[in-house]
Amino acid sequence: MNPYQDAHNHLQHAALRPHWTELLSTVRALPVNWMVVNGTAESDWEKVAEMAKELSFVIPSFGLHPWFLPDRSKDWEEVLRAYLTQTSCAVGEVGLDLWMQNGDLQLQKQILRTHLELATEFQRPLTIHCLRAWSELLELLRTAPVPNCGFLLHSYSGPVSMIEKFLLFGAYFSFSGYFLNRGKEERAHAFREVPNERLLVETDAPDMPLPEERNQFPLPKAAGFERPNHPANIQAVVRGLAEIRRRPEEELLRVIGQNFHRFFESVIPGTKFPLR
Ligand SMILES: [Zn+2]
């Protein structure tokens, strides 16, 4: 059996803390050999960095999520640059969000552009969160630099017709188990149009819960999360995507593993494998 890779989650989140011991033994047992743990604001970057030091399967990623831009310090760019200089980290989660209320699109664009410039300067993979701002994102990509490895559109929820356009800029697309919920069929089926070599999977744990019947590791309600998502649900995410693409699970897992290693190559230290 091939190991699993979770291309996007928030293992540092307080909602997962009470289940820490169980959570670690479960993901090790699957096994999950890599997960990209995304910081969202300067306040959680150090937690992510600590986690990467402690856990061999954690790839740290640092960025300013559009929801938390008002919390940034005036030195955020220098702090991010220091992480990029001192650690083998990815960039993100950063992005554009027109779903949130009172979001400042100009500011979001400027911050995303700065992250793209840094990711390109350091040649690191970058993860983008985009909600209802697909044409704005495409427009920005026409003038912003992009690292050679490309970038990840996590939990891609854009139109099928734009997949091809993002591919030309080097996009990877990660499938979320949330799209297996009733009413999300259109989002899920868009993943039939993503070419094999640009597919990734993610849990976004503790966010993006799977439907009850697919949730293999239900966690009790936590602050801000009705049904916190467990990162070991990555297995159920792969299974769901295999059904949607009508391919054997094992074949899909192999392809996704190759993609993960290609895209995140610059931040996967060879010495970290196998699991501690
Ligand atoms: Zn996320």
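For the structure itself, consult the block above.
The rules we used
Each chain carries its own residue numbering, running from 1 in the direction its sequence is written. Where local features are concerned, this predicted model is filtered to residues with pLDDT of at least 70; where side-chain atom pairs are given and counted, the filter is 80 or more; whole-chain, interface and lining totals use all residues. Each side-chain value is derived from all of the structure's non-hydrogen atoms; neither hydrogens nor water enter the calculation. Strands are runs of DSSP state E lasting at least two residues, helices are runs of H or I lasting at least four, and both sets are numbered from the N terminus onward. Only protein chains enter the calculation, and the probe is 1.4 Å; a residue is then buried if its accessible area is under 20% of its type maximum, exposed if over 50%, and partly exposed in between. Whether two residues are in contact is decided by their heavy atoms, any of which lying within 4.5 Å being enough. Note on method: axes are straight lines fitted to C-alpha atoms, helices fitted across the in-contact stretch only, with angles between N-to-C directions ranging 0 to 180 degrees. Here the angle decides the label: under 35 degrees means roughly parallel, over 145 means roughly antiparallel, 65 to 115 means roughly perpendicular, and every other value means oblique. Each crossing is labelled by how the near helix is turned from the far one, with a counterclockwise turn of less than a right angle marking it left-handed and a clockwise turn marking it right-handed. Three classes are used, and their members are as follows: Ala, Val, Leu, Ile, Met, Phe, Trp, Tyr, Cys and Pro are nonpolar, Asp, Glu, Lys and Arg are charged, and the others, Gly among them, are polar. Here the expected length of a helix is defined as 1.5 Å per residue gap, with one fewer gap than residues.

Engineer: Help me understand the side chain of His 230 in this model?
Structural biologist: For His 230, the location among the structural elements is in the loop between strand S8 (199-202) and helix H8 (234-245). Its relative accessible area of 0% is what places His 230 among the buried residues. Other than its neighbours up to four places away in sequence, His 230 contacts Glu 22, Leu 23, Thr 26, Thr 203, Ala 205, Phe 217 and Leu 219.

Engineer: I'm lost on the packing of helix H3 (residues 76-86) against helix H4 (residues 105-122) in this one. Help?
Structural biologist: Any two packed helices are characterised by the angle at which their axes cross and by the distance between the axes. The N-to-C vectors of H3 and H4 enclose an angle of 25°; their axes lie 11 Å apart at closest approach. Between H3 and H4, the interaxial angle falls into the category roughly parallel. Seen from above, H3 lies across H4 with right-handed handedness. For the pair H3 and H4, the contacting residues are Trp 76, Glu 77, Leu 80, Arg 81, Leu 84 and Thr 85 in the first and Ile 111, Thr 114, His 115, Leu 118, Glu 121 and Phe 122 in the second. Of the residues in the contact of H3 with H4, the class split is 6 nonpolar, 3 polar and 3 charged.

Engineer: Explain H8 to me, please; I cannot follow it from the model alone.
Structural biologist: In an α-helix, one turn spans 3.6 residues; hence positions three or four apart end up facing the same way. The first and last C-alpha atoms of H8 sit 16 Å apart over 12 residues, in line with the 16 Å expected at 1.5 Å per residue. For H8, a buried count of 10 out of 12 residues is recorded, marking the element as mostly surrounded by other parts of the structure. What H8 keeps buried is the set Ile 234, Gln 235, Ala 236, Val 237, Val 238, Gly 240, Leu 241, Ala 242, Ile 244 and Arg 245. Residues of H8 that are buried sit in contact with strand S1 (4-9), strand S2 (32-38), strand S7 (171-176), helix H7 (185-190), S8 and helix H9 (249-263). In the stretch just after H8, Arg 246 is the one whose phi turns positive, near 55°.

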